[in-house]
Amino acid sequence: MAKEIRLGDQVVGKGHPTYIVAEIGINHNGDLNIAKRMIHAAQYAHVNAVKFQKRTPRICVPLEEQKKMRETPWGYMSYLEYRERVEFGEAEYREIDALCKELDIDWFASVWDEEAVDFLEVFNPIAYKVPSASLTDHDLLTKLLRTGRPIILSTGMSTMDQIREAVGRIGDMDRLLITHSTSAYPCNPDELNLRMIPTLDAAFDCPVGYSGHEVGLIPSVVSVSLGACMIERHFTLDRAMWGTDQAASVEPQGMEKLVKYVRVTEEALGDGVKKVYDDELPSLQKLRRVK
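Below, the structure is looked at part by part. Along each chain, residue indices are assigned from 1 in the same order as the chain's sequence is written. With the structure being a predicted model, the display of local features is reserved for residues of pLDDT at least 70 and the display and counting of side-chain atom pairs for 80 or more, all residues being used for whole-chain, interface and lining totals. Heavy atoms throughout the structure, all of them, feed into the side-chain values; hydrogens and water do not.

1. Remarks on a nonpolar patch on the surface
For the record, the criterion: Patch rule: a residue counts if its relative accessible area is over 30% and it has no salt bridge; like charges are joined within 9 Å, and nonpolar side chains (Val, Leu, Ile, Met, Phe, Trp, Tyr) within 5 Å. A 1.4 Å probe and the Shrake-Rupley method give the accessible areas. Residues count as covered only by the protein chains that appear here. Between Lys or Arg on one side and Asp or Glu on the other, a salt bridge is scored when a side-chain nitrogen of the former is within 4 Å of a carboxyl oxygen of the latter. Secondary structure is summarised from DSSP: a helix means a run of H or I of at least four residues, a strand means a run of E of at least two, and numbering begins at the N terminus for each.
Side chains of I218, V222 and L226 sit close together on the surface and give an oily, nonpolar patch of about 250 Å² of accessible area. Looking at where I218 falls in the secondary structure, it is placed in helix α10 (residues 218-225).

2. Section: the packing of aromatic side chains
Note the cut-off: Centre distance within 6.5 Å is the pairing criterion for rings of Phe, Tyr and Trp, where only the six-membered ring of Trp is used; planes under 30 degrees apart are then read as stacked, over 60 as edge-to-face, and the remainder as tilted. Throughout this description, buried means an accessible area under 20% of the type-specific maximum (1.4 Å probe, protein chains only), exposed means over 50%, and partly exposed covers the range between. Note on criteria: charge over ring means Lys NZ or Arg CZ within 6 Å of the ring centre, with the direction from the centre no more than 35 degrees off the ring normal.
Under the criterion given, the structure shown has 12 aromatic pairs. Here Y82 and W242 contribute two aromatic rings whose centre-to-centre distance is 5.5 Å and whose plane-to-plane angle is 85 degrees, an arrangement assigned as edge-to-face. Of this pair, Y82 sits in helix α4 (residues 79-85) while W242 sits in the loop between β12 (230-234) and α11 (252-269), and the two are 160 residues apart along the sequence. Residue classification places Y82 among the buried positions, given a relative accessible area of 2%. Since its relative accessible area comes to 30%, W242 is described here as partly exposed. Seen in terms of ring centroids, F88 and Y93 are 6.2 Å apart; in terms of plane orientation they differ by 85 degrees. Their pairing is edge-to-face. Like Y93, F88 is buried. Each residue in the set F52, F88, Y93, W107, F119 and F123 is aromatic and connected to the rest through ring pairs, giving one cluster. A cation over an aromatic ring shows up here: K54 above the ring of F119, its NZ or CZ 4.2 Å from the ring centre. Of note, R70 hangs over the ring of Y82, and the distance from its end group to the ring centre comes to 4.6 Å.

3. Some thoughts on the sheet that holds strand β10 (residues 176-181)
Put simply, the test is: Note on pairing: two strands pair once DSSP finds at least 2 bridges between them. Axis definition: a line fitted to C-alpha atoms, limited for helices to the stretch in contact. Angles are taken between N-to-C directions and run from 0 to 180 degrees. Residue contacts are defined here by distance: any two heavy atoms, one from each residue, within 4.5 Å place the two residues in contact.
Here eight strands make up a closed barrel; going around it, the order is β3-β4-β7-β8-β9-β10-β11-β12 and the pairing parallel. Strand-to-strand twist across the sheet, computed as the mean angle between neighbouring axes with direction ignored, equals 25 degrees. Packing against the sheet, helix α8 (residues 160-170) makes contact with β9 (151-154) and β10, and its axis sits at approximately 170 degrees to β9. Running over the sheet, α10 touches β11 (208-212) and β12 and is turned about 170 degrees from β12.

4. Quick notes on unusual backbone geometry
The omega angle of the peptide bond from Y185 to P186 is -5 degrees, so this bond is cis rather than trans. Mapping P186 onto the fold places it in the loop between β10 and α9 (196-203). A positive phi angle, near 55 degrees, is found at N29, a position not held by glycine. Mapped onto the secondary structure, N29 falls in the loop between β3 (19-25) and α1 (32-44).

5. A look at the environment of L226
Within the fold, L226 resides in the loop between α10 and β12. L226 sits in the partly exposed class, given a relative accessible area of 31%. Apart from residues no more than four positions distant in its own chain, L226 is found in contact with L194, R195, I197 and P198.

6. Quick word on the pairing of β9
The condition that has to hold: The path from the first strand over the helix to the second decides the hand: if it runs clockwise while the strands point away from the viewer, the crossover is right-handed.
With burial as the criterion, each face of β9 is covered, one bearing I151 and L153 and the other bearing I152 and S154. Where strand β8 (residues 128-130) meets β9, three bridges bridge the pair, whose relative direction is parallel. When the bridges of β9 are listed, Y128 appears paired with I151. In this view, the connection linking β8 to its parallel neighbour β9 by way of helix α7 (residues 138-147) has right-handed handedness. Direction of pairing for β9 relative to β10: parallel, over a ladder of four bridges.

7. Details of the pairing of β3
Judged by how many residues are buried, β3 sits mostly within the fold: seven of seven residues are covered. Burial of β3 is two-sided: the residues Y19, V21, E23 and G25 facing one way and the residues I20, A22 and I24 facing the other way are all buried. Looking at chain direction, β3 and β12 are connected through five bridges and run parallel. Paired with I20 across the bridge in β12 is I231.

8. Structural notes on the nonpolar core
The line we're drawing: The definition of a nonpolar core used throughout is a set of buried Ala, Val, Leu, Ile, Met, Phe, Trp, Tyr and Cys residues joined through side-chain atoms within 4.5 Å.
Within the largest apolar cluster, 64 residues are counted, with the highest numbers of intra-cluster contacts made by I39, V50 and F52. Of all the elements, α1 adds the most residues to this core, at seven residues. When near neighbours in sequence (up to four residues on either side) are disregarded, V50 contacts V21, A22, I24, I39, A42, C100, I105, D106, W107 and F108. Judged by nonpolar contacts, the second largest core, of 13 residues, contains Y19, F108, I126 and C229.

Below, the structure is given as structure tokens:
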């Protein structure tokens, strides 16, 4: 059985074009106009989808963290207040949904709690992403399974046993895509461990992708040669913007390059069958002395 999944109108899996996701996440800093500019820039770069993050802060932020104070561009506030400040509500997501439909670009979101699933269901998302932090939230996995939608499972901060248990809870391999990830922002090259992509591919009967948090583009491109059928990278208008994810993000010109490099890599990988190409024939006639 082919390892593939449908995201929107595209089949994702071996033998199909790599599905490329620009994760806007919370890099919009709660500003809808910034989010719209990012969607336009992502569409111009020819990515397949943009992704957001949806939380219910009072549920997702641990109690011991909620009252901790921090400096923000909007003043000195508690961590819970900050999380609520950057969270989009229904009005913002309706504008995001309308713009993505106008530009013909897919969108979906990571969901961090069960209320976030209920919130997003009204938008008929193409899939749900389980963030690495929620891989062990089995109630959330059960909730997502009941929606009937594709599930993308990120595996940062997790052991193989935890991944196996999460996959077992989901059960339906026809709706599952696993992404290898290391949850450091940015991630050092010696902790990327890209060889986990073929390891996950051998362990599970579903497509495998890569969610990268490195600086630069090379590891993400290499992931395609190792079998990643989906690439997700954090996206920003400017890496100097305020926010914890900005440093591990790709700017618009970088995203354009990433898409181009991935498409060239797909062509260059070929089919693994040795042959003499037509473009080699002049060299063959001119250079080979013994035939």
